[in-house]
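# Secondary and tertiary structure notes
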Amino acid sequence: MGSLSYYRASIAINVGLLLAVIVAFVHFGSTNPSVDADLQAGLVTTGNSRSVSVNAERFRLNNLSPQPGATHRKKRVGRGYSAGQGGSCGRGMRGQNSRSGGGVRSGFEGGQMPLYRRLPKYPGRPMGPGHQYTRYGVVKLEHLNQMPDNVRTEQEMFERSIERNK
């Protein structure tokens, strides 16, 4: 469990750093527009004479991956004492969390009133009966002011607005 949260944290940090670099580049940019065009094409060489491949793919959120050696295989527990995590498999000797299927449900705070029950219900969400809201059609006042005085029904207003917009 610990290595998984560490892996997630390292990915979050890497994504955060990448976003910071992107924001800094967008904010400060370069003063030479031809360099910007070359950067997009992947033709720029850096100061230490390393060249970027012509077919280099730009960094996007969908093509990020950890650096080689940054990830570890999942620890196989309960495979004997010589494997390092045999016996109690790193869960300790006794207690609810050491049992199979142990632990508490998500949101449980040890008997304290949980956060999701302390907050009020939000009626705009589909939460069940009694939690519906009315959708209103928005009509601009400028459109109402352009309508003649003898217009009575919504259908007439709709038809006249279609005629006017043709």
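Residues numbered from 1 in each chain as written. Predicted model: local features only at pLDDT ≥ 70, side-chain atom pairs only at ≥ 80, totals over all residues. Heavy atoms only, no water.

## Observations regarding the pattern of salt bridges
Definition in use: Between Lys or Arg on one side and Asp or Glu on the other, a salt bridge is scored when a side-chain nitrogen of the former is within 4 Å of a carboxyl oxygen of the latter. For every residue, the accessible area obtained with a 1.4 Å probe (protein chains only) is divided by the maximum for its type, and the residue is called buried under 20%, exposed over 50%, and partly exposed between those limits.
The tally for this structure, following the rule as stated, stands at one salt bridge. Here Glu109 makes a salt bridge to Arg118, at a shortest N to O gap of 3.3 Å. For Glu109, a relative accessible area of 33% puts it in the partly exposed group. On the basis of relative accessible area, Arg118 is assigned to the partly exposed category, the value being 43%.

## Some thoughts on the side chain of Ser98
Going by this rule: Numbering of helices and strands runs from the N terminus; a helix is a DSSP stretch of H or I covering at least four residues, while a strand is a stretch of E covering at least two. Polar contacts, as counted here, are pairs of nitrogen or oxygen atoms within 3.5 Å of one another; within protein the pair requires one atom able to donate a hydrogen and one able to accept it, and residues that are adjacent in sequence qualify only if both atoms are side-chain atoms. Throughout, a contact is declared for two residues whenever any of their heavy atoms are within 4.5 Å.
With respect to the secondary-structure elements, Ser98 resides in the loop between helix H2 (33–41) and helix H3 (115–118). Overall, the relative accessible area of 18% leaves Ser98 in the buried class. Separated by 2.8 Å, the side chain of Ser98 and the backbone oxygen of Gly95 make a polar contact. Among all residues touching Ser98, those that are not within four sequence positions of it are Arg91, Gly92 and Met93.

## Brief notes about unusual backbone geometry
Where the residue is not glycine, phi is negative for most of them; where a peptide bond is considered, it is trans in most cases. For Cys89, which is not a glycine, the phi torsion comes out positive at approximately 60 degrees. Mapped onto the secondary structure, Cys89 falls in the loop between H2 and H3. Judged by relative accessible area, Cys89 falls into the partly exposed class, the value being 23%.

## What to know about the environment of Gln85
If you trace the backbone, Gln85 turns up in the loop between H2 and H3. Ignoring sequence-local partners within four residues, the contact set of Gln85 consists of Lys75, Arg76, Val77, Gly78, Arg79, Gly80 and Gly90.

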